[in-house]
Amino acid sequence: MIPILMIIFALGGTTYGMAEETLAFYPLIIPVMIAAGYDALVGASVLLLGAGIGVLGSTINPFATGIASGFAGVSIAEGIVLRLFVLIVGLIIGIWFVMRYAERVRADPSKSLVYAQKAENEARFLSGQDAGAGIGPFTGRHKLVLGIFFLAFVAMIYGVIPWEDLGLAVPTLWWWFPEMTASFLLFAILVGVAGRLSESELTGSFVDGARDLLGVALIIGIARGITVIMNNGKITDTVLNWAEGLVADTSGARFVLILFLLFIPLSLLIPSTSGLATVAMPIMVPLAAFAGVAGELVVSAFQFGSGVVNLITPTSAVVMGGLAIARVGYGTWWKFSFPILISLAVLS
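Everything in this summary refers to the structure shown in the same document. Just so you know, the residues in each chain are numbered from 1, in the order the chain's sequence is written. Only residues with pLDDT of 70 or above have their local features reported here, since the model is predicted, and side-chain atom pairs are shown and tallied only from 80 upward, although totals for entire chains, interfaces and linings are computed over all residues. Neither water nor hydrogens contribute to the side-chain values; these are computed over all heavy atoms in the structure.

**Points about the layout of surface pockets**
The following threshold applies: Using a grid of 1 Å spacing that covers the protein atoms alone, one calls a set of points a cavity when a 1.4 Å probe fits there but cannot get out, and a pocket when the set is open and has protein on both sides within 12 Å along at least five of seven lines; lining residues are those with an atom within 4 Å of a point. Grid points are joined across faces, edges and corners, and a volume is the space filled by probe spheres set on the points. Per the convention used, a helix needs a DSSP run of H or I reaching at least four residues, while a strand needs a run of E reaching at least two, with both numbered from the N terminus. Side-chain classes are defined by residue name, with Ala, Val, Leu, Ile, Met, Phe, Trp, Tyr, Cys and Pro counting as nonpolar, Asp, Glu, Lys and Arg as charged, and the others, Gly among them, as polar.
Quantified by volume, the second largest pocket comes out at close to 480 Å³. Around the second largest pocket, the lining is made up of 26 residues, and of these G17, A19, E20, T273 and V318 lie nearest the centre. Elements represented by at least two residues in the lining of the second largest pocket include exactly helix 3 (40-56), helix 13 (273-290) and helix 15 (317-326). No other element matches the five residues that helix 3 contributes to the lining of the second largest pocket. Among the residues forming the lining of the second largest pocket, the class breakdown is 13 nonpolar, ten polar and three charged.

Next up, the structure:
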């Protein structure tokens, strides 16, 4: 299940920048992993690393590749072979890393980095039941609900991908967060109808789900607040000005490598890939032209640098929200993910 799920989430990351959308999957994935003999950290890593590596190796992601390519004056398809290579190799590294840790925990639960919370997590995520207890038959109604759930993501993927930029004769809907929100709400109602929930059961389930994520929403607000302070205090502008001076007199491969390293601190200040592309690319692309560096390499340097950082940055709503749901401490996540961060940075 671990490689299959990580590949699925990576496909979401590379095609439409799956990030915030993963938060809905934590209550589904973590109980399965705990019931299989692993821990909550394995569930969190499947989502964070799976989707995160997908975003790092974005191929047609409109929120990162699309916006950055637009500022670079190149097609979204330019540089796709390089990004696809990093996606595949990076995903292999991530899957191996997670499976190695998961097998170690299954063989000896005391090796878990969250072993102190083992009993508490089992009670919370498994509702105090033994793995597999109380599970009834897999009915046609269940299959219909899962089909509608899957269709919701197919609709979202179609809505956000810029088909016109790929040169395909497919209508582009140009969806953004308001359209995705409305789509999820519609499909939630359809799921309730297909599951034959009464009005009170449907609304009650919706409110209960919102209640579970309220603490996560507050953490996301705090993480976003750091970015607001950085921007309004002109701290981000100061760093960008310093970065411009740092790369101004370099050329060739050295320019691209320095640019990759520069996007690491910039991504700490601006965790949003679309926001970082909008702010930084108009400055870096003209400098790259003077250095004789192709625009698609600037796009790749931006993606790889921000992709590595967004697996760990405390200003990311995805990282802090996901860890909050999984009940994994930020320090624990640092300890767990640091080796793979180094591996992905070297690969990039």
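**Topic: the side chain of T313**
Heads up, the rule is: Here's how the labels work: a residue is buried when its accessible area is under 20% of the maximum for its type, exposed when over 50%, partly exposed in between, all with a 1.4 Å probe on protein chains only. Contacts are assigned to residue pairs that have any heavy atoms within 4.5 Å of one another.
Relative to the elements of secondary structure, T313 occurs in the loop between helix 14 (295-309) and helix 15. On the basis of relative accessible area, T313 is assigned to the buried category, the value being 0%. Excluding anything up to four places from it in sequence, T313 contacts S267, L268, P271, V319 and Y330.

**Describing the packing of aromatic side chains**
To be explicit about the condition: Planes of paired rings set the category: under 30 degrees apart is stacked, over 60 is edge-to-face and the rest tilted, where pairs are Phe, Tyr or Trp rings (Trp by its six-membered ring) whose centres lie within 6.5 Å. Geometrically, a lysine NZ or arginine CZ counts as sitting over a ring once it is within 6 Å of the ring centre and also within 35 degrees of the ring normal.
The tally for this structure, following the rule as stated, stands at 14 aromatic pairs. On the basis of an interplanar angle of 80° and a centroid distance of 5.8 Å, the ring pair of W176 and F177 is categorised as edge-to-face. W176 sits in the partly exposed class, given a relative accessible area of 37%. Aromatic rings pair up to connect F9, F25, F149, F153 and F184 into one cluster. Note that R124 overlies the ring of F125, its terminal NZ or CZ placed 6.0 Å from the centroid.

**Quick notes on the nonpolar core**
The line we're drawing: We call a set of buried Ala, Val, Leu, Ile, Met, Phe, Trp, Tyr and Cys residues a nonpolar core when their side-chain atoms join them within 4.5 Å.
Residues F9, Y26, V46, L49, F263, M281 and W333 are the most contacted members of the largest nonpolar core, which totals 99 residues. Broken down by element, the residue count for this core peaks at eleven residues, all from helix 3. With near-sequence residues (within four places) excluded, Y26 lies in contact with P31, A44, L47, L48, G322, I325 and A326.

**Re helix 8 (residues 177-194)**
Every α-helix winds through 3.6 residues per turn, so residues three or four apart in the chain are directed the same way. Put simply, the rule reads: By this rule, a helix spans an expected 1.5 Å times one less than how many residues it contains.
Between its first and last C-alpha atoms helix 8 spans 25 Å; for 18 residues at 1.5 Å apiece the expected length is 26 Å, and the two agree. For helix 8, the secondary structure elements touched by its buried residues are helix 4 (62-72), helix 7 (140-160) and helix 9 (199-212). Directly beyond the C-terminal end of helix 8, a positive phi value near 60° is found at R196.

**What to know about the environment of L87**
Counting through the fold element by element, L87 comes out in helix 5 (residues 80-107). Classification of L87 as buried rests on a relative accessible area of 8%. For the pair formed by L87 and I53, sequence separation is 34 residues and the distance between their alpha carbons is 6.6 Å.

**As for the side chain of S267**
Following the sequence through the fold, S267 ends up in helix 12 (residues 252-269). Note on S267: relative accessible area 0%, which makes it buried. With residues up to four places along the chain from it excluded, the contact list for S267 reads L276, G305, S306, V309, N310, T313 and T315.

**Here's the deal with unusual backbone geometry**
Phi at W174 takes a positive value of approximately 55°, unusual for a residue other than glycine. As for its position among the elements, W174 is in the loop between helix 7 and helix 8. On the accessibility criterion, W174 (48% relative accessible area) is partly exposed. Residue R196 is not a glycine yet carries a positive backbone phi of 60°. With respect to the helices and strands, the residue R196 is situated in the loop between helix 8 and helix 9.

**Considerations on the pattern of salt bridges**
Opposite charge on two side chains permits them to pair, given that their charged atoms come into close proximity. Rules: The salt bridge definition used is simple: a Lys or Arg side-chain nitrogen within 4 Å of an Asp or Glu carboxyl oxygen.
The full count for this structure, using the stated rule, is four salt bridges. Note that R106 and E103 form a salt bridge whose closest N and O atoms lie 2.6 Å from each other. Remark: E103 and R106 occur in helix 5; sequence separation between them is three residues, near one turn of the helix. Look at R106 and you get partly exposed, because its relative accessible area is 44%. Take E103: its relative accessible area is 38%, and that puts it in the partly exposed class.

**Remarks on the packing of helix 4 against helix 13**
The cut-off we apply is this: Structural elements are reduced to axes, namely lines fitted to C-alpha atoms, with helices fitted over the stretch in contact, and the angle between N-to-C directions of any two is expressed from 0 to 180 degrees. In these notes the angle categories are as follows: under 35 degrees is roughly parallel, over 145 is roughly antiparallel, 65 to 115 is roughly perpendicular, and the rest is oblique. Crossing handedness: left-handed means the near helix sits turned counterclockwise from the far one by under a right angle, and right-handed means the same turn made clockwise.
Relative orientation of the contacting elements helix 4 and helix 13 amounts to 20°, with a least axis distance of 9 Å. Taken together, helix 4 and helix 13 sit at an angle that is classed as roughly parallel. The interaxial crossing formed by helix 4 with helix 13 has right-handed handedness. Packed against helix 4, whose contacting residues are F63, A64, I67, A68, F71 and A72, the element helix 13 presents T273, S274, A277, T278, M281, P282 and V285 at the interface.

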